[in-house]
Amino acid sequence: QVQLVESGGGAVQTGGSLRLSCAASGNFFSINTMSWYRQAPGKQRELVAISSSGGRTIYVDSVKGRFTASRDNAKNTVYLEMNSLKPEDTATYYCYALMVVSATDAMRAYWGQGTQVTVSS
């Protein structure tokens, strides 16, 4: 009854830009945090950014200054603007949301299906 849908992935050259979006839909009371993770083949999934409901965002060091996350609470959507992309940014990017799903503040975590980002040199 809840799903996260990512979009905006694609293939770009080094130095290019992409804007990812992740929209939450379904039956939930509110969203606590919405995050971006990425995973390249043979590597562990790593956190890229976390956006709190209050707008605070934390970034992994490797993307600081290049990636910017923003959140539109009215649309239940989080965005990740990626600039100055590097080949090492190539990965499948996943949206992750922690949601309040009951009146008692019970929470559930959901993953999006992933969107591929490929950066070529």
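Residues numbered from 1 in each chain as written. Predicted model: local features only at pLDDT ≥ 70, side-chain atom pairs only at ≥ 80, totals over all residues. Heavy atoms only, no water.

**Comments concerning the pattern of salt bridges**
Line of reasoning, step 1. Applying the stated criterion across every chain, the model contains five salt bridges.
Line of reasoning, step 2. Where arginine 19 meets glutamate 81, a salt bridge forms, and the shortest distance between an N and an O atom there is 3.6 Å. Of this pair, arginine 19 sits in strand 3 (residues 18-26) while glutamate 81 sits in strand 8 (residues 77-82), placing them 62 residues apart in sequence.
Line of reasoning, step 3. Here aspartate 61 ties to lysine 64 by a salt bridge, and the two come within 2.9 Å at their closest N and O atoms.
Line of reasoning, step 4. Taking relative accessible area as the criterion, lysine 64 reaches 48% and is therefore assigned partly exposed. (Salt bridge = Lys/Arg side-chain N within 4 Å of Asp/Glu carboxyl O. Helix = DSSP H or I, 4+ residues; strand = E, 2+ residues; numbered from the N terminus. Buried < 20%, exposed > 50% of the residue type's maximum accessible area, 1.4 Å probe, protein only.)

**Description of the packing of aromatic side chains**
Line of reasoning, step 1. Overall, the coordinates contain four aromatic pairs when judged by the stated rule.
Line of reasoning, step 2. Ring geometry for tyrosine 37 against tryptophan 111: centres 5.1 Å apart, planes inclined by 65 degrees, an arrangement best described as edge-to-face. Taken together, the positions of tyrosine 37 in strand 4 (residues 30-39) and tryptophan 111 in strand 10 (residues 107-111) put the pair 74 residues apart, joining distant regions of the chain.
Line of reasoning, step 3. Look at tyrosine 96 and tryptophan 111: their rings are 4.5 Å apart centre to centre, the planes differ by 50 degrees, and that puts the pair in the tilted class. Placement of tyrosine 96 in strand 9 (residues 91-100) and of tryptophan 111 in strand 10 is noted, with a sequence separation of 15 residues between them.
Line of reasoning, step 4. You can call tryptophan 111 partly exposed: its relative accessible area is 40%.
Line of reasoning, step 5. The rings of Tyr37, Tyr94, Tyr96 and Trp111 are connected pair by pair, giving a single aromatic cluster.
Line of reasoning, step 6. The residue whose ring lies beneath arginine 19 is tyrosine 79, and the NZ or CZ to ring-centre distance is 4.1 Å.
Line of reasoning, step 7. Over the aromatic face of tyrosine 94 sits the side chain of arginine 45, whose NZ or CZ is 3.8 Å from the ring centroid. (Phe/Tyr/Trp six-rings, centres within 6.5 Å; stacked < 30°, edge-to-face > 60°. Lys NZ or Arg CZ within 6 Å of the ring centre and 35° of its normal.)

**Comments concerning unusual backbone geometry**
Among all residues except glycine, the phi angle is most often negative; among peptide bonds, the trans geometry is most common.
Line of reasoning, step 1. Phi at asparagine 76 takes a positive value of approximately 50 degrees, unusual for a residue other than glycine.
Line of reasoning, step 2. Within the fold, asparagine 76 resides in the loop between strand 7 (67-72) and strand 8.
Line of reasoning, step 3. Positive phi, close to 50 degrees, is recorded for serine 84, a residue that is not glycine.
Line of reasoning, step 4. Here serine 84 shows up in the loop between strand 8 and strand 9.
Line of reasoning, step 5. Classification of serine 84 as partly exposed rests on a relative accessible area of 41%.

**Some details on the sheet that holds strand 7**
Line of reasoning, step 1. One open sheet holds the four strands; their spatial order is 1-3-8-7, and the pairing between them is antiparallel. Here the strands that pair on one side only, and so sit at the sheet edges, are strand 1 (2-7) and strand 7. On average, adjacent strands in this sheet sit at an angle of 15 degrees to one another, irrespective of strand direction.
Line of reasoning, step 2. Pairing of strand 1 with strand 3, which is carried by six bridges, proceeds in the antiparallel orientation. Across the sheet, glutamate 6 pairs through a bridge with cysteine 22, a residue of strand 3. (Pairing = 2+ DSSP bridges. Axes fitted to C-alpha atoms, helices over the stretch in contact; angles between N-to-C directions.)

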